[in-house]
Amino acid sequence: MSESRLIPPYGGELVNLLAPPDEIESLKAYASRLPSVQLTQRQMCDLELLAVGGFSPLDQFMGQADFQRVLDEMRLTSGHLFPIPVTLSIQPAPEIRIGQEIALRNQKNNLLAIMKIEDMYEWDHNEVAQKVFGTTDTSHPIVAEMHSWGPVNISGELQVLQLPPYADFRELRLTPVQTRARLEEFGYENIVAFQTRNPLHRVHEELTKRATEEVDGVLLLHPVVGLTKPGDVDHFIRVRTYKALTSNYYDSNRVLLSLLPLAMRMGGPREALWHALIRRNYGANHLIVGRDHAGPGNDAKGVPFYGPYDAQTLVEQHSEELGVKVIPFRLVSYLPEEDRYEEVSKIPEGTRTLSLSGTQVREDYLGNGRPLPEWFTRPEVAEILADSYPPRHRQGVCIWFTGLSGSGKSTTAEILTVLLLEHGRQVTVLDGDVVRTHLSKGLGFSKEDRDTNIRRIGFVAAEIVQHGGMVICAAISPYRATRNDVRNMVGSEHFIEVFVDTPLEVCESRDTKGMYAKARRGEIKGFTGIDDPYEPPVNPEILLGTVDSTPESNAHAIVNYLIEQGFVKPE
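Residues numbered from 1 in each chain as written. Predicted model: local features only at pLDDT ≥ 70, side-chain atom pairs only at ≥ 80, totals over all residues. Heavy atoms only, no water.

J.: How should the packing of aromatic side chains be read in this particular structure?
T.: For any pair of aromatic rings, the description consists of the separation of the ring centres together with the inter-plane angle of the planes. Counted according to the given criterion, the structure contains 13 aromatic pairs. Ring centres of phenylalanine 169 and phenylalanine 236 lie 6.3 Å apart, and the angle between their planes is 40°; this geometry places the pair in the tilted category. Here phenylalanine 169, found in the loop between strand E7 (158-160) and helix H6 (176-186), pairs with phenylalanine 236, found in helix H8 (residues 235-248); they are 67 residues apart in sequence, far enough to count as distant. When its relative accessible area of 16% is taken as the criterion, phenylalanine 169 is described as buried. When the ring of phenylalanine 305 is compared with that of tyrosine 306, the centres are 6.4 Å apart and the planes differ by 45°; the resulting orientation is tilted. A relative accessible area of 15% places phenylalanine 305 in the buried class. You can call tyrosine 306 buried: its relative accessible area is 11%. (Phe/Tyr/Trp six-rings, centres within 6.5 Å; stacked < 30°, edge-to-face > 60°. Helix = DSSP H or I, 4+ residues; strand = E, 2+ residues; numbered from the N terminus. Buried < 20%, exposed > 50% of the residue type's maximum accessible area, 1.4 Å probe, protein only.)

J.: It is not clear to me how the pairing of strand E18 (residues 495-500) should be interpreted in this structure. Could you clarify?
T.: Counting buried positions along E18 gives six out of six residues, so the element sits mostly inside the fold. Where strand E15 (residues 397-402) and E18 come together, five bridges link them in parallel fashion. Bridge pairing in E18 places isoleucine 399 opposite isoleucine 496. (Pairing = 2+ DSSP bridges.)

J.: Even after reading the chapter, I still don't get H6, so can you show me in this structure?
T.: At 3.6 residues per turn, the α-helix brings residues three or four places apart onto the same side. For H6, the set of buried residues is Pro176, Thr179, Arg180 and Leu183. What you see down the axis of H6 is that its buried residues fit within an arc of 95°, all on one side. Turned more than 90 degrees from where H6 packs its buried face, Val177 and Glu185 sit exposed. Next to the buried residues of H6 lie helix H2 (41-52), strand E8 (191-196), strand E9 (218-223), strand E10 (255-257) and helix H9 (268-281). Glycine 187 occupies a position one or two residues after H6 and carries a positive phi of about 85°. (Arc of directions from axis to C-beta. Contact = heavy atoms within 4.5 Å.)

J.: When you look at helix H7 (residues 202-215) in this model, what are you seeing that I'm missing?
T.: When the terminal C-alpha atoms of H7 are compared, their 20 Å separation across 14 residues agrees well with the 20 Å that a helix rising 1.5 Å per residue should span. Within H7, burial applies to Arg202, Val203, Glu205, Glu206, Leu207, Thr208, Ala211, Thr212 and Val215. Aspartate 216 lies just past H7 and shows a positive phi near 55°. (Expected span 1.5 Å × (residues − 1).)

J.: Is there a simple way to think about unusual backbone geometry in this case?
T.: Negative phi characterises most residues that are not glycine, and trans characterises most peptide bonds. Following serine 56, the chain continues into proline 57 via a peptide bond in cis, with omega recorded as 10°. Inspection of the secondary structure assignment puts proline 57 in the loop between H2 and helix H3 (64-73). Non-glycine residue phenylalanine 169 carries a positive phi angle of around 45°. Phi angles above zero are rare outside glycine, and serine 477 is one such case at about 40°.

J.: Sorry if this is basic, but what is going on with the state of the cysteines here?
T.: Cysteine pairs can be covalently joined through their sulfur atoms, and such a bond is termed a disulfide. Under the criterion given, the structure shown has zero disulfides. No disulfide involves cysteine 398; its sulfur sits 4.0 Å from that of cysteine 473, the nearest cysteine. The thiol of cysteine 507 is unpaired, and the distance to the nearest cysteine sulfur, on cysteine 473, comes to 20 Å. By relative accessible area, cysteine 507 is classed as buried at 1%. (Disulfide = S-S within 2.5 Å.)

J.: What's the story with a nonpolar patch on the surface in this structure? I'm lost.
T.: Taken together, Tyr309, Leu331 and Val344 make up a surface patch of nonpolar side chains, about 290 Å² in accessible area. Within the element layout of this structure, leucine 331 appears in the loop between strand E12 (325-328) and strand E13 (332-335). (Patch = residues over 30% accessible without salt bridge, like charges linked within 9 Å, V, L, I, M, F, W, Y side chains within 5 Å. Areas by Shrake-Rupley, 256 points an atom, 1.4 Å probe, with all protein chains shown as cover. Salt bridge = Lys/Arg side-chain N within 4 Å of Asp/Glu carboxyl O.)

J.: Quick question: what am I supposed to make of the pattern of salt bridges here?
T.: Close approach of charged atoms lets side chains of opposite charge pair. Inspection of every chain in the model, using the stated rule, returns 26 salt bridges. Salt-bridge contacts for arginine 210 lead to glutamate 206; the nearest nitrogen and oxygen are separated by 3.7 Å. Pair noted here: arginine 210 and glutamate 206 are both in helix H7, with a separation of four residues, about one helical turn. Owing to a relative accessible area of 25%, arginine 210 belongs among the partly exposed residues under this scheme. Ionic pairing is found between arginine 450 and aspartate 532, a salt bridge with its closest N-O pair at 2.8 Å. Note that arginine 450 is positioned in helix H16 (residues 447-466) and aspartate 532 in the loop between helix H19 (515-520) and strand E19 (542-544), a separation of 82 residues in sequence. Overall, arginine 450 belongs to the buried group, its relative accessible area being 8%. The class of aspartate 532 is buried, set by a relative accessible area of 18%. Residues participating in the shared-partner salt-bridge network are Glu206, Arg210, Glu338, Arg340 and Glu342.

Structure (structure tokens):
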């Protein structure tokens, strides 16, 4: 066998956790007698990349020693770089203990793997948030999501019986071994990986082609099809655009399209370094690192979580050790007189250029049913996006009322519902009291139960929004992290937080049921505003007062906001 031209996997060889085929049936029978842990979608993505070597040299969910060193130094105990913790967080249970073997199952209870528990340890989500993501602000999607993770991490030897099954794009779901074999066939030493979670436009096409020519290599177009930023265009649409581009506009001898089942953390610089490590395992020795690579957007004060070039800087600092060179994502603009793209730094001052921001694409073109210009995107891509992206007034949106009991949430929501029906939008209402009667019957009022109740409402709301519906949710939802978690489920661009800011004393004076009085007397424990905190939104889309404003005027104000945002057509 001839020696490989490609860079070797990180650590020297690809991890392979797949059980031998001739042992699968006996292992399945054995696993049927074991206690089970059901994995989340994020954990299934992590398990898959552990199993096939995408995270090499990591060969299991991290034990405490690896976990702590990754937090503090971005390294495994072996000394290898590894910037992101990969852990299996669970809720404690009597049958989950060190020395016990357990079955890992997917959300449909299908068996995926067997783990022997060799380490169990508690973890602090604030420590992880600060050290890995540089913030405890729950506007960061993973910082918010971590509040719902189990308080205990488990680790141990894995035997993977099957990878998570997929019915979509199976010919493009290549493991590191398969990807490397395909890349070897091209006959080039240099492989440029392009990380993407968005549709590709002409700018991306130009940059990827130039990068490939610059290193005289092959482009590994390697889009993430696991979990990306909440609200992103779904991977079905994105992959269709990648297939159209690679089939029609790239040299077939210099490009490989392969899908990456990664659950992104939106971790900025650390995540960019992680992406470089993963792409090395897939055979790439160059990575295009974009501006604000893997950034989650802005914090609660409207300030970006990470600087625009922080990711490039961190990857460049470790480039030599990791063996993956950075190709920076250079800014380019379109020159209409010359019908070509050029790097901004090379364009003479005063030259006429054209460009579109992401906001303009969504709001001015797709949101209004206007075709994207050919200088900006290829016709095939424009057609796919136009078919998949309805005008703004037909897109889903969640209007989330939050505030103290008695603040006026439900009253305003009822009036708003009628006004929206008048404007031709169909509306689903998820009122906190009604949901507790049906969807959340049996839950109490502990913090855990309250969070579960709100996340259930959020899950239903996200499903409605995904299918183009408008949903009004009215629930106290006292905890900021949980509300932000719901925002991330729905997608920030389709989530409107309405803070009904009514003073506590006013809410108490309106309390016809006497609940506040009972809480004051200690007859009710854990009552929001009395002996349990209410955490007001830091930067809600809409702030309503109810002392000097009527529910009718507040409802009209919300309608006006929805018209401004394009979710409702003006009369």
